[in-house]
Amino acid sequence: MRYLIAVFIPILLIGCGSSAEPLPEEKEPTVYFPPTNSDAWETIDIASLGWDASVVPTLDDFVETTNTRALLILKSGRIVYEKYDGQTLLQTADFTEDSYWYWASAAKTLTSFLIGRAESQNLLSLDDPSNLYLGSGWTSLTSEQEGLITIRNQLTMTTGLDYTVTNPDCFDSDCLQFLDVPGNRWFYHNGPYTLLGDVIEGASGSTFNAYFAAQLANKIGMDGFWEYNGYNHAFYSPARSMARFGLLILAEGKWDGTDVLANDSFYREMSNTSQNLNPSYGYLWWLNGKGSFIPPGLTASIPGDITPTAPDEMFAAMGKNGQLINIVPSQQLVIIRMGDDPDEGLVPFTFQDALWDLLGDLITE
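Throughout, residues of each chain are indexed from 1 in the direction in which the sequence is written. At least 70 in pLDDT is required for a residue's local features to be given in this predicted model, at least 80 for side-chain atom pairs to be given and counted, and no such filter applies to totals for whole chains, interfaces and linings, which use all residues. As a rule here, side-chain values cover all heavy atoms of the structure and leave hydrogens and water aside.

**Q** Got a minute to help me understand the packing of helix 3 (residues 108-120) against helix 10 (residues 239-250) in this structure?
**A** The angle between the axes and the distance between the axes are what describe a pair of packed helices. Orientation is described by lines fitted to C-alpha atoms, with helices fitted over the stretch in contact, and by angles between N-to-C directions that extend from 0 to 180 degrees. Counting from the N terminus, the helices are DSSP H or I runs at least four residues long and the strands are E runs at least two residues long. At a minimum axis separation of 12 Å, helix 3 and helix 10 run at an interaxial angle of 45 degrees. The orientation of helix 3 relative to helix 10 falls into the category oblique. Crossing of helix 3 against helix 10: the hand is left-handed. Residues Thr 109, Leu 110 and Phe 113 of helix 3 form the contact with helix 10, whose own contacting residues are Phe 245, Leu 248 and Ile 249. Note on terminology: angles under 35 degrees are roughly parallel, angles over 145 are roughly antiparallel, angles of 65 to 115 are roughly perpendicular, and the others are oblique. Two helices that cross are described as forming a left-handed crossing if the nearer one is turned anticlockwise from the farther one by less than a right angle, and a right-handed crossing if clockwise. Residues count as neighbours in contact if any of their non-hydrogen atoms are within 4.5 Å of one another.

Below is the structure:
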């Protein structure tokens with residue numbers, strides 16, 4: 001009888017369609033990519049995510065009181081929150097999803113992506129001397145000193161060029177003077193960074209704008225344009241185009257089945273510590289959760305994380321006056337902020353921390 005019961009019970013359970021069948025594994029939502037030929041973009045309701053919708057009015061107030069023009073939150077590619085406020089750059093109309101705004105230094109991450117793309121096409125190597133593409137004499141250094149500076153040094157802010165010159169944004173050869181051998185110092189030095197655009201032109205045989213459009217913007221439906229403001233190579237776009245780029249980075253350089261970056265090793269290096277001087281800096285991306293950082297304008301390391309209120313894994317494109325792309329891979333989050341000056345920093349660490357203090361109340365995962 002003992003054996004009959006043992007056989008009978010499983011048969012009964014299976015016949016009833018009960019829990020004898022394995023339960024399906026819970027899966028993360030599929031990442032959504034908005035179409036490249038349309039303005040359509042799927043949304044998802046905050047309450048359906050289990051987030052605290054009661055925080056939304058406070059978030060609205062934050063946008064309206066911090067000179068913010070656009071704040072977007074994406075979850076798995078879908079828009080959870082989107083708010084616009086204030087006026088356009090020329091103060092001629094209300095700011096909307098179609099309005100253009102500058103990225104400031106957040107655009108450095110676009111250049112980083114293009115370097116990684118060029119590497120995947122075997123157009124360059126990160127350890128190539130920069131003068132291979134910029135020509136000899138792009139600095140005021142001796143040929144021997146200049147030949148030690150590589151593309152990797154430009155990507156990681158470790159060129160050894162003198163950042164105490166009158167205008168550190170200047171990339172004329174007489175502004176680029178010797179201070180130390182490459183790799184010995186970390187400093188947020190715009191001049192050598194900006195010349196990465198010329199490296200891309202030298203390596204690709206194309207204009208920077210054409211290479212950017214063909215290898216990045218056109219592939220993800222991104223609008224925008226580059227323009228020189230003095231020595232700064234500035235990028236302007238609508239907030240949703242910034243969000244498209246953030247989504248591409250969340251997806252590790254892939255867009256709806258197309259591998260746009262096609263360089264997994266570069267992606268890993270880009271989004272992790274790139275040198276042993278400033279652990280919170282990748283390839284022109286800022287990294288959270290590293291325990292110390294060197295902010296722009298300083299040479300000394302500061303203990304702590306760049307954004308203590310954010311998840312440790314968060315990494316960010318950050319630009320003057322609070323231009324932000326924040327990526328949180330495990331939560332499939334992209335946060336976009338465009339706007340005017342919320343604080344006085346070249347890179348808005350304080351503002352980003354205040355934003356995440358609020359987002360932490362909203363995102364209850």
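**Q** Even after reading the chapter, I still don't get a nonpolar patch on the surface, so can you show me in this structure?
**A** The grouping of Leu 148, Phe 178 and Val 181 at the surface amounts to a nonpolar patch, some 250 Å² of accessible area in total. Mapping Leu 148 onto the fold places it in the loop between helix 5 (143-146) and helix 6 (151-156). Overall, the relative accessible area of 49% leaves Leu 148 in the partly exposed class. Patch construction takes residues with relative accessible area above 30% that form no salt bridge. Like charges are linked within 9 Å, and nonpolar side chains (Val, Leu, Ile, Met, Phe, Trp, Tyr) are linked within 5 Å. Here the Shrake-Rupley method, with its probe set to 1.4 Å, supplies the accessible areas, and only the displayed protein chains count as covering residues. A pair is scored as a salt bridge if a Lys or Arg side-chain nitrogen falls within 4 Å of a carboxyl oxygen belonging to Asp or Glu. Think of it in three bands: residues with accessible area under 20% of the maximum for their type are buried, residues over 50% are exposed, and the middle band is partly exposed, with areas taken using a 1.4 Å probe on protein chains only.

**Q** I would appreciate a short explanation of the nonpolar core in the present structure.
**A** A general trend in soluble globular proteins is that nonpolar side chains are found buried together. Take the buried residues of types Ala, Val, Leu, Ile, Met, Phe, Trp, Tyr and Cys, join any two whose side-chain atoms come within 4.5 Å, and each joined set is a nonpolar core. By size, the foremost hydrophobic cluster in this structure holds 108 residues, and its most contacted members are Trp 103, Leu 110, Ile 115, Phe 245 and Leu 362. Considering each element in turn, this core owes the most residues, 8 residues, to helix 10. For Trp 103, the contacting residues outside a window of four places in its chain are Leu 110, Met 222, Phe 235, Ser 237, Met 242, Phe 245, Gly 319, Gln 323, Ile 325 and Met 338.

**Q** Would you mind going over helix 3 with me for this structure?
**A** It helps to recall that an α-helix has 3.6 residues per turn; residues three or four apart then point in one direction. Compared with the 18 Å implied by 1.5 Å per residue over 13 residues, the 19 Å span of helix 3 between its first and last C-alpha is a close match. Of all the 13 residues making up helix 3, 11 are buried; the element is thus mostly covered by neighbouring parts of the structure. Buried within helix 3 are the following residues: Lys 108, Thr 109, Leu 110, Thr 111, Ser 112, Phe 113, Leu 114, Ile 115, Gly 116, Arg 117 and Ala 118. Following helix 3 by one or two positions, Asn 122 adopts a phi angle in the positive range, close to 60 degrees. Given the number of residues in a helix, its expected span is that number minus one, multiplied by 1.5 Å.

**Q** In this structure, what is going on with the sheet that holds strand 5 (residues 232-237)? I would like to understand it.
**A** Paired through their backbone hydrogen bonds, the strands of a sheet run either parallel or antiparallel. Two strands pair under a simple rule: DSSP has to find at least two bridges between them. What the 3 strands build is an open sheet, ordered 3-5-4; its pairing is antiparallel. The two strands at the open ends of the sheet, each matched to only one other strand, are strand 3 (101-102) and strand 4 (225-229). Looking at chain direction, strand 4 and strand 5 are connected through 5 bridges and run antiparallel. Across the sheet, Phe 225 pairs through a bridge with Tyr 236, a residue of strand 5.

**Q** What is the right way to read the pattern of salt bridges from this model?
**A** Within this structure, the stated rule accounts for 9 salt bridges. The residue Glu 42 makes a salt bridge to Arg 78 at a minimum N-O spacing of 3.2 Å. On the criterion of sequence distance, the pair formed by Glu 42 in the loop between helix 1 (2-15) and helix 2 (56-65) and Arg 78 in strand 2 (residues 78-84) is long-range, its members being 36 residues apart. A residue is classified by how much of its surface remains accessible, and Glu 42, at 39% relative accessible area, is partly exposed. What you see here is one network of salt bridges that share partners, running through Glu 82, Glu 97 and Arg 240.

**Q** Hey, could you run me through the side chain of Thr 66 in this one?
**A** By secondary structure assignment, the location of Thr 66 is in the loop between helix 2 and strand 1 (68-75). According to the relative accessible area criterion, Thr 66 is buried, its value standing at 15%. Setting aside residues up to four positions removed in sequence, Thr 66 forms contacts with Arg 337, Asp 340, Pro 342 and Phe 351.

**Q** Can you help me understand the packing of aromatic side chains in this one?
**A** Aromatic ring pairs are reported here in terms of the distance separating the ring centres and the angle at which the planes meet. Stacked, tilted and edge-to-face pairs are distinguished by plane angle, under 30 degrees for stacked and over 60 for edge-to-face with tilted covering the rest, among Phe, Tyr and Trp rings (Trp via its six-membered ring) whose centres lie within 6.5 Å. One pass over the structure, following the stated rule, counts 27 aromatic pairs. Considering the side-chain rings of Phe 95 and Trp 101, the 5.7 Å spacing of their centres and the 80 degrees angle between planes classify their relative orientation as edge-to-face. Comparing Phe 95 with Trp 101 shows no difference in burial state: the two are buried. Measuring from ring centre to ring centre gives 5.2 Å for Trp 101 and Tyr 102, while their planes differ by 25 degrees; the resulting arrangement is stacked. As far as the burial class goes, Trp 101 and Tyr 102 line up, both buried. Each residue in the set Trp 103, Phe 113, Phe 208, Phe 212, Trp 226, Phe 235, Phe 245, Trp 285 and Phe 315 is aromatic and connected to the rest through ring pairs, giving one cluster. Looking at Lys 108, its charged tip hangs above the ring of Tyr 193, at a distance of 4.7 Å from the centre. Whether a charge lies above a ring is judged from NZ of Lys or CZ of Arg, which has to be within 6 Å of the ring centre and within 35 degrees of the ring normal.

**Q** So what exactly am I meant to see when it comes to the sheet that holds strand 2 here?
**A** On the basis of which strands lie adjacent, the open sheet formed by 6 strands has the order 2-1-13-12-11-8 and antiparallel pairing. Two strands lie at the open edges of the sheet, namely strand 2 and strand 8 (286-287), each paired on one side alone. Where strand 8 lies against strand 11 (residues 315-319), 2 bridges are found, and the strand directions are antiparallel. Within the sheet, the bridge partner assigned to Trp 286 lies in strand 11 and is Ala 316. Running over the sheet, helix 2 touches strand 1 and strand 2 and is turned about 45 degrees from strand 2.

**Q** I tried to follow helix 12 (residues 349-362) on my own but got confused; where do I start?
**A** In this model helix 12 runs 20 Å from its N-terminal to its C-terminal C-alpha over 14 residues, within 8% of the 20 Å that 1.5 Å per residue would give. All of the buried residues in helix 12 are Phe 349, Phe 351, Gln 352, Leu 355, Trp 356, Leu 358, Leu 359 and Leu 362.

**Q** What is the right way to read the environment of Leu 59 from this model?
**A** With respect to the helices, strands and loops of the structure, Leu 59 is situated in helix 2. Taking relative accessible area as the criterion, Leu 59 reaches 1% and is therefore assigned buried. Remark: the alpha-carbon pair of Leu 59 and His 233, spanning 174 residues in sequence, is separated by 32 Å. Ignoring anything within four residues of it in the chain, the contact list for Leu 59 reads Leu 71, Ile 73, Tyr 81, Leu 358, Leu 359 and Leu 362.

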